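Chain by chain, the residues:
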Amino acid sequence: MDTIQKALDYALNPSNDFLKQALTHLSLSAIALLLGAFIGIPLGIWISRYGALARVIVNAVGIVRVLPSIAVLFLLLPSQGIGFRPAVIALTLLAIPPLLINTDAGMRGVDKAAIEAGRGLGMSAWGLLRTVQLPLAMPVMLAGLRIAAVEVVASATLATLIGGGGLGDFISTGLALGQSRYYILLVGAIPVALIALFTELGLGYLQRTVAARQHSA
Amino acid sequence: MSDLVFTQYLFDNFDIVWPRVLEHLTIVGISLAIALLISMPVGLFLSRKQSIATPVLGVLGVIYTIPSFALFAFLVPITGIGPQPAIIALVAYSLVVLVRNTMVGFNGVDPSVIEAARGMGMSGRQQLWRIEVPLALPVIVAGMRIATLSTIGLATIAAWIGAGGLGQLLKDGINNPSKLYAGVIAVGVMAMGADLLFRLLERGVAVKGTKRSARMAALPAIPKEA
């Protein structure tokens, strides 16, 4: 209890920049996720139209994915240096695969009859995509978003190791200052764990809600 | 930075890289061995007691969601730094995957097959080892692949809590690109090697004439990233 009290005091002391690091953590994650979505989703839609090419790309992405996120973060360090920007780039690279793979799978899973019906109604390719394919692919795409988001908020904890800031900074500080200051570890670890859990539960709920609505429609 | 420099480092500094490889393999090996020893009986037990399975998997799922650097940070005040907190956290993460897959593996065995085995006069023990285990094995091995890949990656992060291993090369390599690349390559090779090994093993234990079940599709098929 004493440790938790000390951690709380530390977090509430404005000179320790708790809010600033929390905001860095969240913006790091949000920017990477947005960039990942801007790249991964259109790419996923595009490759879903080409059978063989899609297989090749999805398999290649799968192989790259075996590389752990910590290795991706450090791989960019010599060329990109340390700081916020290289951390965003690395996290974006992590966000792309789940979004790409699930968009491809979702688009591929759309009932051919629904597409035929849309065409029969004289829908344009864009109209078909917007009103038929994307809504039907949405549950699978949202599953990809959940996976990407959980990976990104978790990996953002490691940004501190390449000078990217975020809540992981408190874990680094706690480790550097040693045993008498171990309570600082909790200042990073507790909010990081909560953010990851809320991301998982929140997006999981969204995913299930959308899927359920589709089944009842 | 020429491409040759870092591979050169790997060879020139074999005596620096190799002990880190061994440290890494030791942490990964110990963690997986403990997790396997616990998860096999627990998974089998849960497959027969569905009422307990849901809460147990719920608790494990919550632990699994916690980022590893945070879980390490929770453990360090209790255990101190070193390999111990790393192994505890890595065992916990592997347990989630292995218990779930073991349970699903045993659940997926067709009851009529067990019925037939009983009809042939097999004892409970024979049914387990000759029928249920071989039929559940593909799902269990698939879980072992995910657990191993996760553990190799997450063990790298454990260097920052004093566990050593390949992460130490990354940690020391912040201002030394060749050392950093050596670490990244070693981790990548280890992960890809393990991936290949377990994919071959999956093929070896596959039950002929059956497809990967729908149940299996619901399981996490990707390693924990961070």
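Everything that follows concerns the structure shown earlier in this document.
Residues numbered from 1 in each chain as written. Chains lettered and ligands numbered in written order. Predicted model: local features only at pLDDT ≥ 70, side-chain atom pairs only at ≥ 80, totals over all residues.

### Digging into the overall build of chain A
Alright, step 1. Counting its secondary structure elements, chain A contains ten helices and zero strands.
Alright, step 2. In chain A, the succession of α and β elements from N to C terminus is α-α-α-α-α-α-α-α-α-α.
Alright, step 3. The principal-axis extent of the C-alpha atoms belonging to chain A is close to 70 × 40 × 25 Å.
Alright, step 4. Residue pairs at least 24 apart in sequence account for 75% of intrachain contacts in chain A once pairs closer than 6 positions are excluded. (Helix = DSSP H or I, 4+ residues; strand = E, 2+ residues; numbered from the N terminus. Contact = placed C-beta atoms within 7 Å.)

### Some remarks on the nonpolar core
Alright, step 1. Membership of the largest hydrophobic core comes to 121 residues, with the highest contact counts inside it found for Phe74(A), Leu91(A), Val152(A), Phe72(B) and Ala86(B).
Alright, step 2. In terms of residue count, helix 5 (residues 83–107) of chain B provides more of this core than any other element does, 14 residues in total.
Alright, step 3. Setting aside residues up to four positions removed in sequence, Phe72(B) forms contacts with Pro85(B), Ala86(B), Ala89(B), Ala158(B) and Ile161(B). (Core = buried A, V, L, I, M, F, W, Y, C linked by C-beta atoms within 7 Å. Buried ≥ 20, exposed ≤ 12 C-beta atoms within 10 Å, placed from the backbone.)

### With respect to the interface of chain A and chain B
Alright, step 1. The interface of chain A with chain B comprises 33 residues on the first partner and 32 residues on the second.
Alright, step 2. Mapped by element, the contributors of at least two residues to the side of chain A that touches chain B are helix 4 (69–75), helix 5 (77–80), helix 8 (125–155), helix 9 (168–177) and helix 10 (183–216) of chain A.
Alright, step 3. Sorting elements by how many residues they give to the side of chain A that touches chain B places helix 10 of chain A first, with eight residues.
Alright, step 4. Looking at side-chain class alone, the side of chain A that touches chain B contains 23 nonpolar, seven polar and three charged residues. (Nonpolar A, V, L, I, M, F, W, Y, C, P; charged D, E, K, R; others polar.)

### Thoughts on the packing of helix 6 (residues 84–108) of chain A against helix 8 of chain A
All names here are of chain A.
Alright, step 1. Running from N to C, helix 6 and helix 8 point in directions that differ by 160°, and their axes come no closer than 8 Å. Judged by the angle between their axes, helix 6 and helix 8 are roughly antiparallel. The way helix 6 lies across helix 8 gives a crossing that is right-handed. Contact with helix 6, carried on its side by Leu91, Leu94, Ala95, Pro98, Leu99, Ile101, Asn102, Thr103, Ala105, Gly106 and Met107, involves Gln133, Ala137, Val140, Met141, Ala143, Gly144, Leu145, Ile147, Ala148, Glu151, Val152 and Ser155 of helix 8 and no other residues of that element.
Alright, step 2. For the contact of helix 6 with helix 8, the class distribution of residues is 16 nonpolar, six polar and one charged. (Axes fitted to C-alpha atoms, helices over the stretch in contact; angles between N-to-C directions. Parallel < 35°, antiparallel > 145°, perpendicular 65-115°, else oblique. Left-handed = near helix turned anticlockwise from the far one by under 90°.)

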